[in-house]
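# Descriptive analysis of the structure
Spelled out from the first residue to the last, the chains are:
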Amino acid sequence: MVNCLKKKRVPTCSLTKYLSSINGRKHVAIEAVGFVYPIYDKLKMLNDCTVSVASPSRLQLIAKSKLKNDRVDAIALGELLRTNYLPVSHMIDEQARSRLPWRGQGMQGEKQGLLLK
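Here's a quick rundown of the structure. Residue positions within a chain follow its written sequence, with the count starting from 1. Residues qualify for local features only when their pLDDT is at least 70, as the model is predicted, and side-chain atom pairs are given and counted only at 80 or more; totals for whole chains, interfaces and linings, by contrast, use all residues. As a rule here, side-chain values come from all non-hydrogen atoms in the structure, and water together with hydrogens is ignored.

## Looking at the overall build of the protein
- Segments assigned H or I by DSSP are reported as helices when at least four residues long, segments assigned E as strands when at least two residues long, and all are numbered from the N terminus. Tallying secondary structure elements over the protein gives seven helices and two strands in all.
- Tracing the protein from N to C terminus, the helices and strands come up as α-α-β-α-β-α-α-α-α.
- Burial classes: relative accessible area under 20% of the type maximum marks a residue as buried, over 50% as exposed, and values in between as partly exposed (1.4 Å probe, protein chains only). Taken across its 117 residues, the protein has 26% of its residues classed as buried.
- Expressed as a percentage of contacts within the protein between residues at least 6 apart in sequence, the contacts between residues at least 24 apart total 54%.
- In short, Shrake-Rupley with a 1.4 Å probe defines the accessible areas, and a residue's cover is counted only from the protein chains shown. Looking at the protein as shown, the accessible area adds up to about 8600 Å², and 54% of this sits on carbon and sulfur atoms. Only heavy atoms matter for contacts: two residues are in contact if any of them lie within 4.5 Å across the pair.

Structure follows, in structure tokens:
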């Protein structure tokens, strides 16, 4: 998969279509960012696709690299996944996320106060 990323940049909106076109088992590594859950949920629905979300706080290789761009980060994530050294984040499943009190409403008023207590 790392070789595929070197050759072709795929827009996020076409990611599932692109991955579905690849035969066999797929292993995908993505960096945990603020909008990771919609991408994670969409990729988890694909057949023969394992999704690993990298923990940014434990991912020193990318954080300390001097050359910063998406291509270099993707290659680093792929190599860490391939060698089984990718520090993986815990992902809350969709059903549990739907029960969180602040889902989709921003963290204002009482909900923000719940987190401060």
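## Topic: the pairing of strand β1 (residues 26-31)
- Of the two faces of β1, the one lined by Lys-26, Val-28 and Ile-30 is fully buried and the one lined by His-27, Ala-29 and Glu-31 carries no buried residue.
- The pairing criterion for strands is at least two bridges between them, as found by DSSP. Here six bridges tie β1 to strand β2 (residues 49-54), and the two strands are oriented parallel to one another. In the strand pairing of β2, Ile-30 is matched with Val-53.
- For crossovers, right-handed means that the path from the first strand over the helix to the second runs clockwise, given strands pointing away from the viewer. Note on the crossover from β1 through helix α3 (residues 36-44) to β2: the handedness is right-handed.

## Considerations on the nonpolar core
- We call a set of buried Ala, Val, Leu, Ile, Met, Phe, Trp, Tyr and Cys residues a nonpolar core when their side-chain atoms join them within 4.5 Å. Grouped together as the largest cluster of nonpolar side chains are twelve residues: Tyr-18, Leu-19, Val-28, Ile-30, Val-36, Tyr-40, Leu-43, Leu-46, Cys-49, Val-51, Val-53 and Met-91.
- Mapped onto this core, the elements with two or more residues apiece are α2 (15-20), β1, α3 and β2.
- The contacts of Tyr-40, once residues within four sequence positions are left out, are Ile-30, Val-51, Val-53 and Met-91.

## Notes on the pattern of salt bridges
- A side-chain nitrogen of Lys or Arg and a carboxyl oxygen of Asp or Glu constitute a salt bridge if their distance falls within 4 Å. For the structure on display, the rule yields three salt bridges.
- Between Arg-25 and Asp-48 there is a salt bridge; the shortest N-O distance is 3.9 Å. Taken together, the residues span a long stretch of sequence, with Arg-25 in the loop between α2 and β1 and Asp-48 in the loop between α3 and β2 at a distance of 23 residues.
- Owing to a relative accessible area of 44%, Asp-48 belongs among the partly exposed residues under this scheme.
- A salt bridge links Asp-41 to Arg-97; the shortest N-O distance between them is 2.7 Å. Highlighted residues: Asp-41 in helix α3 and Arg-97 in helix α6 (residues 94-98), separated in sequence by 56 residues. With respect to burial, Asp-41 and Arg-97 carry one shared label: buried.

## Some thoughts on the side chain of Ser-55
- As for its position among the elements, Ser-55 is in the loop between β2 and α4 (60-63).
- In this view, Ser-55 contacts Pro-87, Val-88 and Ser-89; residues no more than four positions away in its chain are not counted.

## Focus on unusual backbone geometry
- At Asp-48, a residue that is not glycine, the phi angle is positive and equals roughly 55°.
- In this structure, Asn-84 is a non-glycine residue whose phi angle is positive, near 65°.
- Relative to the assigned elements, Asn-84 resides in the loop between α5 (70-82) and α6.
- Relative accessible area serves as the criterion here: at 69%, Asn-84 is assigned to the exposed category.

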